[in-house]
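Spelled out, the chains give:
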Amino acid sequence: MNWLVNNLQLKILSVLLAVLLWFYVQGQDLSETTMRYFLMFSNMPENLYIDNGSSSEISVWVKAPKNILKRATTADRKIDIDLKDYKEGKHVIEVTENLLNLPRNIDVIKIQPNKIHVHLSRYVEKRVKVYADYKGDRKILLEPAYVRIRGERKTLANIDGVNTESFTANNPDTFYVKIQLPFENIKVEPEKVKVKVF
């Protein structure tokens, strides 16, 4: 049994070195892959919106041991762009490795695109006429006759008026009816108008 205890420390060290060497060899089985990141914009400044078709997806080419890549590629990958301090106008945001939140043992080969072009525009307002959508042979009066709509400039460009929701006007009456908006991303003030049926 002496051979088991002779140089015991040396034998233990040899086993540990062998194990570490095995893990090292396994870890050096490098592989390359492409990871997709989706852009998320947060803290949009008040009264501003993104007015361009910048890519919503980033491709990242990476290299790392296969076992590391396998875990990393299954994660939900998003890049959060904080717009809190941004002003109206055109901006170029550089996509760096820090935004990717990757483990240290993953090497980034290429980021495409590596710059994001963001154009922030201010919402605009427009005064438009209200048209009554109704059935009946009586005269009516809308109050107010004009409302203010608010939205993206390109959306409001071709809107010269808005309709009310449908109603009937067969008898003298006074009531309120909602404004019917042509697009969901438009706001109107006031949201209702008074209808007087004579």
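Details of the structure are given in the entry above.
A brief look at the structure comes next. (Residues numbered from 1 in each chain as written. Predicted model: local features only at pLDDT ≥ 70, side-chain atom pairs only at ≥ 80, totals over all residues. Heavy atoms only, no water.)

**Observations concerning the overall build of the protein**
Then step 1. A tally of regular secondary structure across the protein gives 4 helices and 16 strands.
Then step 2. Long-range contacts, defined as pairs at least 24 residues apart, comprise 70% of the intrachain contacts of the protein with a sequence gap of at least 6.
Then step 3. Split by element, the accessible area of the protein, about 14000 Å² in all, is 49% carbon and sulfur. (Helix = DSSP H or I, 4+ residues; strand = E, 2+ residues; numbered from the N terminus. Contact = heavy atoms within 4.5 Å. Areas by Shrake-Rupley, 256 points an atom, 1.4 Å probe, with all protein chains shown as cover.)

**Overview of the sheet that holds strand E2 (residues 48-50)**
Then step 1. Here 3 strands make up an open sheet; going across it, the order is E2-E7-E5 and the pairing antiparallel. At either end of the open sheet lies a strand with only one pairing partner, and these are E2 and strand E5 (89-94). In this sheet, neighbouring strand axes are inclined to one another by 30° on average, regardless of whether the strands run parallel or antiparallel.
Then step 2. Of the strand pairs in this sheet, E2 and strand E7 (residues 115-122) are connected by 3 bridges, and their pairing is antiparallel. Looking across to E7, one finds that Tyr 49 is bridged to Ser 121. (Pairing = 2+ DSSP bridges. Axes fitted to C-alpha atoms, helices over the stretch in contact; angles between N-to-C directions.)

**Observations regarding the sheet that holds strand E15 (residues 187-189)**
Then step 1. One open sheet holds the 7 strands; their spatial order is E10-E16-E14-E12-E8-E11-E15, and the pairing between them is mixed. Where the open sheet ends on each side, the last strands, each with one partner, are strand E10 (140-143) and E15. The average undirected angle you get between the axes of adjacent strands in this sheet is 40°.
Then step 2. Where strand E14 (residues 173-180) lies against strand E16 (residues 192-197), 6 bridges are found, and the strand directions are antiparallel. Looking at E16, one finds that Thr 174 is bridged to Lys 196.

**Thoughts on the pattern of salt bridges**
Then step 1. Per the stated rule, a full pass over the model turns up 6 salt bridges.
Then step 2. Where Arg 148 meets Glu 125, a salt bridge forms, and the shortest distance between an N and an O atom there is 3.3 Å. Here Arg 148, found in strand E11 (residues 146-151), pairs with Glu 125, found in strand E8 (residues 124-131); they are 23 residues apart in sequence, far enough to count as distant.
Then step 3. Residue classification places Glu 125 among the exposed positions, given a relative accessible area of 51%.
Then step 4. For Lys 126, the salt bridge identified is with Asp 160, shortest N-O distance 3.7 Å. Of the two residues, Lys 126 sits in strand E8 while Asp 160 sits in the loop between helix H4 (153-156) and strand E12 (161-164), which places them 34 residues apart along the sequence. (Salt bridge = Lys/Arg side-chain N within 4 Å of Asp/Glu carboxyl O. Buried < 20%, exposed > 50% of the residue type's maximum accessible area, 1.4 Å probe, protein only.)

**With respect to the packing of aromatic side chains**
Then step 1. In total, this model carries 3 aromatic pairs according to the counting rule given.
Then step 2. On the numbers, 4.8 Å between centres and 35° between planes, the contact of Tyr 49 with Tyr 123 is tilted. Linking Tyr 49 in strand E2 with Tyr 123 in the loop between E7 and E8, this pair joins segments that are 74 residues apart in sequence.
Then step 3. By relative accessible area, which is 27% here, Tyr 123 ends up partly exposed.
Then step 4. A connected cluster of aromatic rings, assembled from ring pairs, spans Tyr 134, Phe 167 and Phe 175.
Then step 5. The positively charged end of Lys 110 is found above the aromatic ring belonging to Trp 61, 4.4 Å away from the centroid. (Phe/Tyr/Trp six-rings, centres within 6.5 Å; stacked < 30°, edge-to-face > 60°. Lys NZ or Arg CZ within 6 Å of the ring centre and 35° of its normal.)

**Regarding the environment of Val 197**
Then step 1. With respect to the helices, strands and loops of the structure, Val 197 is situated in strand E16.
Then step 2. Spatially, the C-alpha atoms of Val 197 and Arg 138 are 6.6 Å apart, while their sequence positions differ by 59 residues.
Then step 3. Those residues in contact with Val 197, other than ones at most four positions away along the chain, are Arg 138, Lys 139, Ile 140, Ala 169, Asn 171, Pro 172, Asp 173 and Phe 175.

**Let's talk about a nonpolar patch on the surface**
Then step 1. A surface patch of nonpolar side chains, about 300 Å² in accessible area, is lined by Leu 10, Leu 13 and Leu 17.
Then step 2. Residue placement: Leu 13 occurs in helix H2 (residues 8-27). (Patch = residues over 30% accessible without salt bridge, like charges linked within 9 Å, V, L, I, M, F, W, Y side chains within 5 Å.)

**Description of the environment of Asn 163**
Then step 1. With respect to the helices, strands and loops of the structure, Asn 163 is situated in strand E12.
Then step 2. A relative accessible area of 40% means that Asn 163 is categorised as partly exposed.
Then step 3. Along the chain, Asn 163 and Val 130 lie 33 residues apart, while their C-alpha atoms are 5.7 Å from each other.
Then step 4. In contact with Asn 163, other than residues within four places in its own chain, are Tyr 131, Ile 179 and Gln 180.

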